[in-house]
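Here's the letter readout for the chains.
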Amino acid sequence: MTKQERLQAQALHLEEMMAYEKALWNAGCDYIAGIDEVGRGPLAGPVVTAAVILPKDFCLLGVDDSKKLSPKKRDLLFEQIKEAALCYAIGRREPQDIDRINILEATKEAMVDAVNLLPIKPDHLLIDAVKLPRLQIPQTSLIHGDALSVSIAAASILAKVTRDREMEEMAKLWPGYAFESNKGYGTKAHYQGLAAQGMCPIHRRSFLKDLK
């Protein structure tokens, strides 16, 4: 594929991923917030959420589900999305919160926080997979939304880069679990660290009940 063909494919993909946003804009919703989370599955670290409102003329090529992108591409898009967005906000819940109320409820709380922190009140929410009844804002929950909506995809990139960078810092504070590479997920190196030195303060004890 030539560079020109690649750019054309990216432009077409962006057009497809803006279908939900364009329908809502045409219905009179000026401010649409895409919301996503990163970190529901790891054994350690926070769950991080992001909410982002993109402008109607958003034209940043390459935005996609964060899991489909290389770390280098995510880092680049992270900065570009922050610059292009009308506004964005980050929410989070710590391992202790996850242990107390469970990961799904912690994720929802962090999503609500992200929306409430937006300096612009959204007219509609596009959310990956879950519903947020606590928010009295019209909303649409999309399964695999980060692959269907550009706003949710942008939120997924903001959340993932934020969390990944934090886990790389946690690796310096709590060495031996390979957080710098696994970001808290249950890899072989992570389990070897748990076997050798037990849990550290950022582990989710409710995820590791057999080690208590």
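Up top is the structure these notes are about.
Residues numbered from 1 in each chain as written. Predicted model: local features only at pLDDT ≥ 70, side-chain atom pairs only at ≥ 80, totals over all residues. Heavy atoms only, no water.

### With respect to the overall build of the protein
The condition is simple: Secondary structure elements are defined from DSSP: runs of H or I of at least 4 residues count as helices, runs of E of at least 2 residues count as strands, and each element is numbered from the N terminus. Note that the radius of gyration is over C-alpha atoms, with the globule rule given as 2.2 Å times the number of residues to the power 0.38. Contacts were defined at the residue level, with two residues in contact if any of their heavy atoms lie within 4.5 Å. Only the protein chains shown count as cover for residues, and the accessible areas themselves come from Shrake-Rupley with a 1.4 Å probe. A positive count includes Lys and Arg, and a negative count includes Asp and Glu. His and the chain ends are not counted in either. Note that the charge is assigned to NZ on lysines, CZ on arginines, CG on aspartates and CD on glutamates.
Helices and strands together make up the secondary structure of the protein, namely 8 helices and 5 strands. Sequence-ordered secondary structure for the protein, helices as α and strands as β, is α-α-β-β-α-β-α-α-β-β-α-α-α. Taking 212 residues into account, the globule formula puts the C-alpha radius of gyration at 17 Å, and the protein, at 18 Å, falls close to it. The long-range fraction of contacts in the protein, counting pairs at least 24 apart against all pairs at least 6 apart in sequence, stands at 65%. Taken as a whole, the protein presents about 10400 Å² of accessible surface, with 55% of it coming from carbon and sulfur. Taking the average location of the 28 positive side-chain charges in the protein and that of its 28 negative ones, the two points are 4 Å from each other.

### Some words on the side chain of aspartate 164
The topology assignment puts aspartate 164 in helix 6 (residues 150–173). With sequence-adjacent residues up to four places away left out, aspartate 164 is seen in contact with Arg74 and Lys183.

### Regarding the environment of isoleucine 98
For isoleucine 98, the position within the fold is in helix 4 (residues 95–101). Placed 108 residues apart in sequence, isoleucine 98 and serine 206 show a C-alpha to C-alpha distance of 7.9 Å. If we skip the residues at most four places from it in the chain, isoleucine 98 touches Gly45, Val47, Arg93, Ile103, Ala106, Arg204, Ser206 and Phe207.

### Some words on the pattern of salt bridges
The following threshold applies: Put simply, a salt bridge is a Lys or Arg side-chain nitrogen that is within 4 Å of an Asp or Glu carboxyl oxygen. Exposed residues in this analysis have more than 50% of their type's maximum accessible area, buried residues have under 20%, and partly exposed residues fall in between, with area computed by a 1.4 Å probe over protein chains only.
In this structure the tally under the stated criterion is 16 salt bridges. Among the ionic pairs, glutamate 15 bridges to lysine 22, the shortest N-O distance being 2.6 Å. A salt bridge links glutamate 79 to lysine 82; the nearest nitrogen and oxygen atoms lie 3.6 Å apart. Taken together, the residues span about one helical turn, with glutamate 79 and lysine 82 both in helix 3 (residues 71–84) at a distance of 3 residues. On the accessibility criterion, lysine 82 (24% relative accessible area) is partly exposed. Where salt bridges share partners, they join Asp75, Glu79, Lys82 and Arg165 into one cluster.

### What about the sheet that holds strand 4 (residues 124–128)?
We count it as follows: One bridge is not enough; two strands pair if DSSP finds at least two bridges between them. Where helices are involved, their axes are fitted lines through C-alpha atoms of the stretch in contact, as for all axes, and angles between N-to-C directions lie from 0 to 180°.
Across the sheet, 5 strands lie side by side as 3-2-1-4-5; this open sheet has mixed pairing. Strands with a single pairing partner mark the edges of an open sheet, and in this sheet they are strand 3 (87–93) and strand 5 (139–142). Taken over all neighbouring pairs, the strand axes of this sheet differ in orientation by 20° on average, direction set aside. Inspection of the sheet shows strand 2 (residues 47–53) paired to strand 3 by 7 bridges, in the antiparallel sense. Among the inter-strand pairings, isoleucine 53 is bridged to a residue of strand 3, identified as cysteine 87.

### Structural notes on unusual backbone geometry
Positive phi, normally seen in glycine, also occurs at histidine 144, with a value near 55°. Following the sequence through the fold, histidine 144 ends up in the loop between strand 5 and helix 6. Judged by relative accessible area, histidine 144 falls into the exposed class, the value being 58%. The backbone phi angle of alanine 178 is positive, close to 60°, even though this residue is not glycine. In this structure alanine 178 comes out as buried when scored by relative accessible area, which is 15%.

### Considerations on the packing of aromatic side chains
The criterion, for reference: Each Phe, Tyr or Trp ring (for Trp, its six-membered ring) is paired with any other whose centre lies within 6.5 Å, and the angle between the two planes then decides the class: stacked below 30 degrees, edge-to-face above 60, tilted in between. In this analysis the charged atom, NZ for Lys or CZ for Arg, is taken to sit over a ring once it is within 6 Å of the ring centre and within 35 degrees of the ring normal.
Under the criterion given, the structure shown has 1 aromatic pair. Note on tyrosine 177 and phenylalanine 179: the rings are 5.2 Å apart at their centroids and 20° apart in plane angle, and the pair reads as stacked. Both residues of the pair, tyrosine 177 and phenylalanine 179, belong to the buried class. One Lys or Arg, arginine 204, reaches over the ring of phenylalanine 207 and ends 5.2 Å from the middle of that ring.

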